[in-house]
Amino acid sequence: MERQRVMERGEKAGVSSSSNGGGEVDVVVEMMDVIEAVGLYVGYRRTQRKECLNLARRLKLLLPLLEEIKEIGNYKLVSSEGLKTSLDNLKKALLGAKKLLKKCSCGSKIYLAMESEAVMSSFHAVYEKLNQALDDLPYDELGISVEVKEQVELTRMQLKRAKKRSDTQDIELAMDLMVVFSKKDDRNADSAILERLAIKLELHAIPDLKAEEIAVRKLVKERGVQNAESMQQINDLLGKFKQIAGVDETIVLDGPFSSKSLQRCRSLLIPHEFLCPITLEIMVDPVIVATGQTYERESIQKWLNSNHRTCPKTGQTLGHLSLASNFALRNLIQEWCEKNNYELPKKDACLGSDGVSAELKEEISSLVQNLSSCEFEVRREAIKKIRMLAKENPDNRILIANYGGIPPLVQLLSYQDPNIQEHTVTALLNLSIDETNKKLVAREGAIPAIVKILQHGTNEARENSAAALFSLSMLDENKVLIGASNGIRPLVHLLQNGTIRGKKDAATALFNLSLNQTNKSRAIKAGIIPALLHLLEEKNLGMIDEALSIFLLLASHPEGRNEIGKLSFIKTLVEIIRNGTPKNKECALSVLLQLGLHNSSIILAALQYGVYEHLVELTKSGTNRAQRKANSILQHMSKYGHIP
C-alpha cells in the first residue's frame, strides 16, 4: 500500500503547485515525490536497463539538495522570482526523466528494441535538461552546504559524460531482428533465432506475453498508422513468440487497449469486424478503399498521406485512392454501442486531421526550406535540427519526408564541408529507419555519395555512413545498389581500421549486405576474411559473435569456403567451441557444420584438434541451439565414419 501511495503521489506531481499557490516548498516536495516514485519502478526493459538504472541512481543523488531547499522554508523563498523559475525548470526536467523511465518500465519490449537509437536520444535530451536546470540554481542564495554542492557537481559531471557517450546497439539483437523482419530471407523459419530473441527480450513466459500484448495495443493507439508497417512487424513477432511459448490466442486480451474501456467492459468482446485493421480500435467513421477493405477514415488517410499506395491488410496496389463511407457498418457499430452501453472514442480537437500538431508541421516545413538557404549557418542549423527530429520518433521521419526534406539532404551530402557532411549523413541515417524513406533516399541517389563519405569523411561521419548503409540495405534492391556502388571495400577497411564503434557499425552493414550472394564474393575479394580472423584473435574487442555470424554467411559461398577452410581457422573454431561463451559456441558450431557439410576433411581436421569430446559435452549441457548443432555435426561424422 505504501508503495502504491508513493507512486500515486509521484504521478500527480506537477499539478498541485500551479493550482494552489503553495510556493516553492510545494514544488520541492513534489520533486521529491517524483524521485521517490521513480525509485519504485521495476522491470526496466533489457535493451535500456543499464541506462535506466544509471538515471534512477543519479536522480536519487539530488534528494539531499531538495531536502536542504525544503528546510530553508517558504518564507525565505517567496521573494525570489528567479529561484521559482529555476525550481520549475528542475521539476520539468525531473518529470521528463520520470516519463522516460516509465516508458522503459512499462512500454512494449519489442518496440523499445526496434527504436533503441531513438530512445537513447531521449535519454540524452533528459540529461541535457537536468544539467541545465541544475546549472541555473542559485546555490549561494540558497545557502546550500559545501558537501551537497559537491554531490550536485558530481551528478552534473556524470550527466555530461552520459550525454557524450554513444553506446553501439546490441549487434546480435539488431541482426536477429533484421533476419526475422526480412521478408525474403529463408532463415525466417529458424526457430532458434526466434527463441533467442524471445529470451533476450524476456518474452518467453505467459505473464510477460500478456503484458506485452497490452503494451503493444497501447502503442498502436498512441502511434496510429504513421508507422503502420512497424506496428504490423511488432504484432507479427509477438504472435511468433506466443506460438513458441505454446500460448493459445484466446488467453490474450481481446479488443482495443484502453484502461478505461477495460475497466468498464471487462467481459465485453468487441466484434472483430468493428475494429480498424490498422489501429485495432473500434471504428467511428469506417470507409471502404478500392480493394473492398474497410478502415477508420483517419487511419487510412494517414497511410495514404505517407506515400503508401497499397491496401495495408491485403498488400494489393490500390486502383484509386477514393474513400467511400461504409454507412451500413457505421450503423451496426452505433447500434452495438447503444445496446452494450459502450462510448465511442472522441477525436482530439488539438490535433489536425492527420493527428499532427500544426506547430510541428510549421517547424519542419521551415527547416526543410532552410536546407536551401544561402546562409551557411542557417543551413547547418537546419540540418542539425532535422537530424535530431528524425532521431526522436517515427512520426517526425514521415513528416520530414512528406515536406520534401530528403532531396535537399541528399544534395548536401556532396557539400565540401566535413561538418555538414557528418550531420547530413546522420540525418539521412535517422530518416532511413522508416521503410518508405529507405526507398526515397536510395531513389534520390544518396548511396554513391554516402559511400564517398565512408571513404573520406570524419571518423563519426564514416561510422554513421556505415550505419546508414546498413539501414538502407534492409531492402534487397539496395543491397545490390550498395554492392554495385563499391560500398563493400570501404566497409571492410572500416572493419579493419576503425574505432570499436566503427568496427561494429561496419560488421552490422557487412552482415546484412552479405545476405546477397554477389556481395559475398565482393566482400571476400575486398579482404573481409583476414579482417574477421583478426576480430576472433582480438578477444578484447568483444566481436567474436559478429565475426562468426558473417563467417556463417560466407561459408555458404564456394569462394568463402575455400578461403575460410584453412587449418588455422579450424583450430580457432575448436578453441571457441571449447572455451567460448554459450553464444560463441553456438556460432562456432554453426560455422563448423556449414563447412563440414561441403568438405568432410574439415570435420577430420576438427577431430584432430579434439572437438569430439566437446561436441558430446554440448549435446548434454549446451544451449538448445548448441545441442542441435552439436548433434548434427556428430551425425555427419557418423555418416562418413569419422566417429572415434
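As a reminder, the structure under discussion sits directly above these lines.
Fair warning: this is a prediction, and the values are worked out from it, not measured in the lab. (Residues numbered from 1 in each chain as written. Predicted model: local features only at pLDDT ≥ 70, side-chain atom pairs only at ≥ 80, totals over all residues. Heavy atoms only, no water.)

Asker: Sorry, what's going on with helix α37 (residues 611-621) here?
Answerer: Because the α-helix completes a turn every 3.6 residues, residues three or four places apart line up on one side. Within α37, the full set of buried residues consists of Val-611, His-614, Leu-615, Leu-618 and Thr-619. Mapping the buried residues of α37 onto a view down its axis gives an arc of 145°, with all of them on the same face. In α37, the exposed positions angled more than 90 degrees off the buried face are occupied by Glu-613 and Lys-620. (Buried < 20%, exposed > 50% of the residue type's maximum accessible area, 1.4 Å probe, protein only. Helix = DSSP H or I, 4+ residues; strand = E, 2+ residues; numbered from the N terminus. Arc of directions from axis to C-beta.)

Asker: Can you walk me through the environment of Glu-296 in this structure?
Answerer: Position of Glu-296 among the secondary structure elements: in strand β2 (residues 294-296). Accessibility expressed as a relative area gives 7% for Glu-296, which makes it buried. Between the C-alpha atoms of Glu-296 and Pro-286, which are 10 residues apart in sequence, the distance is 4.6 Å. Within the structure, the side chain of Glu-296 is placed 3.1 Å from the backbone nitrogen of Asp-285, a separation counted as a polar contact. (Polar contact = N/O pair within 3.5 Å; in protein donor to acceptor, adjacent residues only side chain to side chain.)

Asker: Is there a simple way to explain the pattern of salt bridges in this structure?
Answerer: Close approach of charged atoms allows side chains of opposite charge to pair. If you walk through the whole model with that rule in mind, you get 20 salt bridges. Across the salt bridge formed by Glu-213 and Lys-242, the nearest N and O atoms sit 3.3 Å from each other. One end of the pair, Glu-213, is in helix α14 (residues 206-223); the other, Lys-242, is in helix α15 (residues 228-245), with 29 residues separating them in the sequence. Judged by relative accessible area, which is 9%, Glu-213 ranks as buried. Arg-387 is the partner of Glu-460 in a salt bridge, and the nearest nitrogen-oxygen pair spans 3.2 Å. Placement of Glu-460 in helix α26 (residues 459-472) and of Arg-387 in helix α20 (residues 376-392) is noted, with a sequence separation of 73 residues between them. A relative accessible area of 14% means that Arg-387 is categorised as buried. Within this structure, Asp-135, Glu-153 and Arg-156 form a network of salt bridges that share partners. (Salt bridge = Lys/Arg side-chain N within 4 Å of Asp/Glu carboxyl O.)

Asker: It is not clear to me how the packing of α20 against helix α21 (residues 394-402) should be interpreted in this structure. Could you clarify?
Answerer: Following both chains from N to C, one finds α20 and α21 inclined at 135°, their axes separated by 5 Å at the closest point. Here α21 runs oblique to α20, going by the angle between their axes. Contacts between α20 and α21 involve Ile-386, Leu-389, Ala-390, Lys-391 and Glu-392 from the former and Asn-396, Arg-397 and Ile-400 from the latter. Taken together, the residues of the contact of α20 with α21 break down into 4 nonpolar, 1 polar and 3 charged. (Axes fitted to C-alpha atoms, helices over the stretch in contact; angles between N-to-C directions. Parallel < 35°, antiparallel > 145°, perpendicular 65-115°, else oblique. Contact = heavy atoms within 4.5 Å. Nonpolar A, V, L, I, M, F, W, Y, C, P; charged D, E, K, R; others polar.)

Asker: Just to check I follow, could you spell out unusual backbone geometry for this structure?
Answerer: Glycine aside, residues mostly have negative phi angles, and peptide bonds mostly take the trans form. Unusually for a residue other than glycine, Glu-202 sits at a positive phi of about 60°. Within the element layout of this structure, Glu-202 appears in the loop between α13 (191-200) and α14. Positive phi values are uncommon outside glycine, yet Asn-486 reaches one of about 60°. Among the structural elements, Asn-486 can be located in the loop between α27 (476-484) and α28 (488-497). Relative accessible area serves as the criterion here: at 57%, Asn-486 is assigned to the exposed category.

Asker: Would you explain the packing of aromatic side chains in this entry?
Answerer: Think of a pair of aromatic rings as described by two things: how far the centres are apart, and how the planes are tilted against each other in angle. Enumeration over the complete set of coordinates arrives at 5 aromatic pairs. Summarising the aromatic geometry, the rings of Trp-336 and Tyr-342 are spaced 5.7 Å apart at their centres and angled 50° between planes, so their arrangement reads as tilted. Residue Trp-336 is classed as buried on the basis of its relative accessible area, which comes to 13%. Pairing Phe-551 with Phe-569 gives two aromatic rings, centres 4.6 Å apart and planes at 45°, and the pair type is tilted. With Phe-551 in helix α32 (residues 544-554) and Phe-569 in helix α34 (residues 567-579), this residue pair connects regions lying 18 residues apart in the sequence. Accessibility classification places Phe-551 together with Phe-569 in one group, the buried group. Following the ring pairs from residue to residue traces out a cluster consisting of Phe-274, Trp-336 and Tyr-342. (Phe/Tyr/Trp six-rings, centres within 6.5 Å; stacked < 30°, edge-to-face > 60°.)

Asker: Looking at this structure, I do not really get the sheet that holds β2. What am I missing?
Answerer: The pairing of strands in a sheet happens through backbone hydrogen bonds and is either parallel or antiparallel. Taken in spatial order, the 3 strands line up as β2-β1-β3 in an open sheet, and their pairing is antiparallel. At either margin of the open sheet sits one strand with a lone partner, and together these are β2 and β3 (324-325). Inspection of the sheet shows strand β1 (residues 286-288) paired to β2 by 3 bridges, in the antiparallel sense. Within the sheet, the bridge partner assigned to Ile-288 lies in β2 and is Thr-294. Sitting on the sheet, helix α17 (residues 297-305) touches β1, β2 and β3, and the angle it makes with β2 is about 95°. (Pairing = 2+ DSSP bridges.)

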